[in-house]
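A closer look at the structure
What follows is the residue order along each chain.
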Amino acid sequence: MPMRPSHALRLAALGVATASLTGGALLSTAPESAAAPPSSYAVKGIDTSHHNHDATGQPIDWKRVAQKNAFTFLKATQGARYQDPWFARDFKAVSATSLLRAPYHFFDPKGTGDGAAQADHFVRTARAAGYSGTKAGELPPVLDVESVWVNGKEVCPKALRAGQLDVFLKRVKAAFKVTPIVYTRASFVNGCMAGKGQVFKDYPLWLARYGSGSREPQSVPGAGSWTFWQYTETERVPGVPGAKNTVGKADRNVYRGTLAQLRALANLGGTPAPPRPGTSWPTVKSGQRGVDVTTVQLLLTARGHAVKADGVYGTGTVAKVKAFQKAQHLPTDGIVGPQTWTRLVTTLKPGTKGTAVTALQHQLTANGHTVKTDGVYGPATTTKVKAFQTAHRLTADGIAGTNTWAALVRGGGGGGTPGGGAKLSDAQAAAKLKAAGISRVSSGNCTDRNRKNCTSLEGIRVGTVDGVIALKKKSGCKITVTGGTETNHAGGTYSHWNGYKVDISRTSCVTSYIQGHATKHHKRGDGAWVWRVTSGGKTVVDYADERWANHWDITYY
């Protein structure tokens, strides 16, 4: 759904000037989920606009699209005057198929008070095409709030104000008698709304995140997590026309619930019940290590499939997972994904004892709420659970139910030093580093983790930040962070994106200290020599000498 660069010329012709809305620190309420990949969600759909027709001028074969998709969102309007030239035709054609459907409006403010005008324009256009919001098969209308393109650059809408958005949403809700969906992304809310996404908190969220493998979109500050996920804008979709009679590309999405739930949302009977925000799970599988693996092992034991809780996902654990999955009538792939997690976890209350409680205590400690792992759900554990729930905007009842477990395993990650698995927002990490006399720089002078020329600390692990601070204290060197959790680094469990790695400037002082206090261990495939620090037979830190980039790539395990 992002506005394509071709819009820049049209906007420039209209004299649209855009810039950052406000200053202030970038905020975040939750890290990305290293959770289920898009392929694990059964309910998929697309969204389209005139861009899907521009290359050929041909209509979309919606009956063919419906063969492999359950829903679609169609661009209707933008700003207070623009109408998508294909909307009416597409909506009529879609309505003759099984696809669940709704129109969307691209918010494009020309003044600080035009929310009502844009809402009225959208409502008129949607109604003229036959949309009412309450007919069978119609999903709630969508407000699309994102950056705009001007002169080939993606920038914040200069006139954007939260009050406009509030007026638009309330006006559309009143017109169609249904709560609208909001399309946006955390990076936009952080960068263009100063991290203040509270205006969206009462609306289902449709969030974008591309090329993410198994990472879901980052939760919107003040508003929460996703109901729909746009995971790519370049998937070939049969039925969408492409150049020279090829299959064309379109934005592809998943719904975070069952088809029955989505049909209920589309006025086809039943009770709409999208999953609560935050209920997502990491994928844990063979070869992984850390606290999430230990958690799986302890929960398996609690469920009658005893296995050693050594934090290593080896063949023994795979066998036990498969046995558990078979007993639960799940696909026996030996991988702990969303379905297996929801069967594996159990609701724990004060007074409970056993290995499941031990798993809970390990996760609390890994998330920075240190507690003794004695398998007893006593007052101390209850206090820590409540503190964790409060920090993650969950009901602070001291009971570890599904949502609390999901938030714990998302944040706990791969383990390491107790407390080191907890993740920080960019602002929190930056404050800790600044207090220690450590600076950061980026070629793009930015902190958006979704842009490769930024240096972001969003979602970095506490243990990583503490490691950099320790390096500063022990070496006495000037430390400058040049790479953090932003995109475009290599993937893997112990990656930049997952918060385990940082890049720091390669000064003579830093190089001398590392080579004097670590052991030259091996050469990586890219030619970088790795200097390693171990303790008790386990790797603690790897320093990779990326001389060509003039920095040290450091991994804190």
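Values in this document were obtained by computation on a predicted structure and should not be read as measured data. (Residues numbered from 1 in each chain as written. Predicted model: local features only at pLDDT ≥ 70, side-chain atom pairs only at ≥ 80, totals over all residues. Heavy atoms only, no water.)

**A few points about the overall build of the protein**
The condition that has to hold: Runs of E in the DSSP output that reach at least two residues are strands. Runs of H or I that reach at least four are helices, and both are numbered from the N terminus. Partly exposed residues are those whose accessible area sits between 20% and 50% of the maximum for their type, while under 20% is buried and over 50% is exposed, using a 1.4 Å probe and protein chains only.
When helices and strands are counted, the protein shows 17 helices and 20 strands. Among the 557 residues that make up the protein, the fraction classed as buried is 54%.

**Structural notes on the environment of Pro-238**
Put simply, the test is: Here, residues are in contact when the closest pair of their heavy atoms is within 4.5 Å.
With respect to the helices, strands and loops of the structure, Pro-238 is situated in strand β10 (residues 228-241). A relative accessible area of 28% means that Pro-238 is categorised as partly exposed. A C-alpha to C-alpha distance of 8.9 Å links Pro-238 and Gln-67, two positions 171 residues apart in sequence. Look past the residues within four positions of Pro-238 in its chain and what remains in contact with it is Arg-64, Val-65 and Val-247.

**Section: the packing of aromatic side chains**
For clarity, the threshold we go by: Whether two aromatic rings pair depends on their centres lying within 6.5 Å, for rings of Phe, Tyr and Trp, where Trp uses its six-membered ring; planes under 30 degrees apart make the pair stacked, over 60 edge-to-face, and the rest tilted. Put simply, a charge is over a ring when the Lys NZ or the Arg CZ is close to the ring centre, within 6 Å, and near the line of the ring normal, within 35 degrees.
Applying the stated criterion to the full structure yields 19 aromatic pairs. Where Phe-107 meets Phe-168, the ring centres are 5.8 Å apart and the plane angle is 90°; that geometry is what we call edge-to-face. Remark: Phe-168 occurs in helix α6 (residues 162-176) and Phe-107 occurs in the loop between β4 (100-106) and α5 (115-128); sequence separation between them is 61 residues. Comparing Phe-107 with Phe-168, the two get one shared label, buried. A network of ring pairs unites the aromatic residues Phe-87, Phe-91, Phe-107, Phe-122, Tyr-131, Phe-168 and Phe-176 as a single cluster. Geometry around Tyr-210 places Arg-185 over its ring, the cationic atom sitting 5.4 Å from the centre.

**What to know about the packing of α5 against α6**
Going by this rule: Geometry is summarised by axes, namely lines fitted to C-alpha atoms with helices restricted to the contacting stretch, and by angles between N-to-C directions that run from 0 to 180 degrees. Any angle from 65 to 115 degrees is called roughly perpendicular, while one under 35 is roughly parallel, one over 145 is roughly antiparallel, and all others are oblique. Working rule for handedness: look at the near helix, and if it is turned counterclockwise from the far one by less than a right angle, call the crossing left-handed; if clockwise, right-handed.
Contact geometry for α5 and α6: axes closest at 8 Å, N-to-C directions at 30°. Taken together, the axes of α5 and α6 are roughly parallel relative to one another. Crossing angle aside, the handedness with which α5 passes α6 is right-handed. Contacts between α5 and α6 involve Gly-115, Ala-116, Gln-118, Ala-119, Asp-120, Phe-122, Val-123, Ala-126 and Arg-127 on the former and, on the latter, Gln-164, Val-167, Phe-168, Arg-171, Val-172, Ala-175 and Phe-176.

**Let's talk about the state of the cysteines**
Under the convention used in this document: Throughout, a disulfide means two cysteine sulfur atoms within 2.5 Å of one another.
Scanning the entire structure with this criterion turns up 3 disulfides. Shown here is the disulfide that connects Cys-446 with Cys-454, its sulfur atoms set 2.0 Å apart. Note on the Cys-446 and Cys-454 pair: the S-S dihedral is about -105°, so by sign convention the disulfide is left-handed. Here Cys-446 matches Cys-454 in class, with each residue buried. Two residues, Cys-477 and Cys-509, share a disulfide whose sulfurs are 2.0 Å apart. Its torsion about the S-S bond being -80°, the disulfide of Cys-477 and Cys-509 is classed as left-handed. With Cys-477 in the loop between α16 (462-475) and β15 (480-483) and Cys-509 in helix α17 (residues 508-517), this pair connects stretches of sequence that are 32 residues apart. The partly exposed category is assigned to Cys-509, whose relative accessible area is 35%. Ordinal numbering of bonded cysteines along the protein defines a disulfide pattern of 1-2, 3-4, 5-6.

**As for α16**
Worth spelling out the cut-off: Working rule for helices: expected span equals 1.5 Å times residues minus one.
Between its terminal C-alpha atoms α16 stretches 20 Å, which fits the 20 Å expected from 14 residues at 1.5 Å a residue. Every buried residue belonging to α16 is among Val-462, Thr-464, Val-465, Gly-467, Val-468, Ile-469, Leu-471 and Ser-475, and all of these are buried.

**Looking at the nonpolar core**
The condition is simple: Residues enter a nonpolar core if they are buried and are Ala, Val, Leu, Ile, Met, Phe, Trp, Tyr or Cys, with the set joined through side-chain atoms within 4.5 Å.
Grouped together as the largest cluster of nonpolar side chains are 66 residues, with contacts concentrated most on Phe-71, Phe-73, Leu-139, Leu-165, Phe-200, Phe-228 and Leu-262. With residues near it in sequence (within four places) discarded, Leu-139 still touches Phe-71, Phe-73, Leu-100, Arg-101, Ala-102, Tyr-131, Leu-262, Leu-265 and Ala-266.

**Observations concerning the environment of Ala-42**
On the secondary structure map, Ala-42 appears in the loop between α1 (7-13) and β1 (43-48). By relative accessible area, which is 76% here, Ala-42 ends up exposed. The spatial distance from the C-alpha of Ala-42 to the C-alpha of Gly-257 is 8.3 Å, given a sequence separation of 215 residues.

**Here we look at the side chain of Thr-455**
Our working rule: In the analysis that follows, any N or O atom pair within 3.5 Å is treated as a polar contact, provided that within protein one partner can donate a hydrogen and the other can accept it, and provided that, for residues neighboring in sequence, both atoms belong to side chains.
Counting through the fold element by element, Thr-455 comes out in the loop between β13 (439-440) and β14 (460-461). There is a polar contact of 2.6 Å between the side chain of Thr-455 and the backbone oxygen of Val-441. Among all residues touching Thr-455, those that are not within four sequence positions of it are Arg-440, Val-441, Ser-442, Cys-446, Thr-447, Val-481, Thr-482, Gly-483, Gly-484 and Glu-486.

**Things to note about the pattern of salt bridges**
Cut-off, in case you're wondering: Each salt bridge in this description consists of a side-chain nitrogen of Lys or Arg and a carboxyl oxygen of Asp or Glu lying within 4 Å of one another.
Within the structure shown, the criterion is met by 14 salt bridges. A salt bridge links Asp-545 to Arg-547; the shortest N-O distance between them is 3.9 Å. Shared partners join several salt bridges into a network, and the residues in it are Lys-501, Arg-524, Asp-526, Glu-546 and Asp-553.

**Thoughts on unusual backbone geometry**
Trans peptide bonds make up the majority, and among non-glycine residues the majority have a negative phi. Positive phi values are uncommon outside glycine, yet Lys-244 reaches one of about 55°. With respect to the helices and strands, the residue Lys-244 is situated in the loop between β10 and β11 (247-255). Of note in the backbone geometry, Asn-267 takes a positive phi value of approximately 65° without being a glycine. With respect to the helices, strands and loops of the structure, Asn-267 is situated in the loop between α8 (259-265) and α9 (291-302).

**What to know about the pairing of β10**
Condition: Two strands form a pair only when DSSP identifies at least two bridges running between them.
Relative to β10, strand β9 (residues 205-208) runs parallel, the two sharing 3 bridges. Along β10, the bridge assignment pairs Leu-207 with Trp-229. For β10 and β11, the ladder comprises 7 bridges, and the chain directions are antiparallel. Across the sheet, residue Thr-232 finds its bridge partner in β11, namely Arg-252. In this structure, the hairpin formed by β10 and β11 is closed by a connection of 5 residues, where Lys-244 is found at a positive phi of approximately 55°.

**Thoughts on the confidence of the model for the protein**
Detailed reading of the predicted coordinates is not advisable wherever pLDDT is low. Quick note on the threshold: Every residue gets a pLDDT, meaning the predictor's confidence in that residue, from 0 to 100.
Overall, the predicted model of the protein reaches an average pLDDT of 85, with 87% of residues at or above 70. Here α1 stands out as the element of the protein with the lowest mean pLDDT, 31, in contrast to strand β5 (residues 142-144), whose mean of 98 is the highest. This model gives residues 4-35 a pLDDT under 50, and the stretch forms 91 contacts once residues within four places in sequence are excluded. Within the model, pLDDT remains below 50 along residues 412-420, and this stretch shows 33 contacts once partners closer than five positions in the same chain are excluded.

**A few points about α9**
With 12 residues, α9 ought to run about 16 Å at 1.5 Å a step, and its terminal C-alpha atoms sit 16 Å apart, in line with that. The buried fraction of α9 amounts to 10 of the 12 residues, a majority that puts the element mostly inside the structure. Positive backbone phi, at 95°, marks Gly-304, one or two positions downstream of α9.

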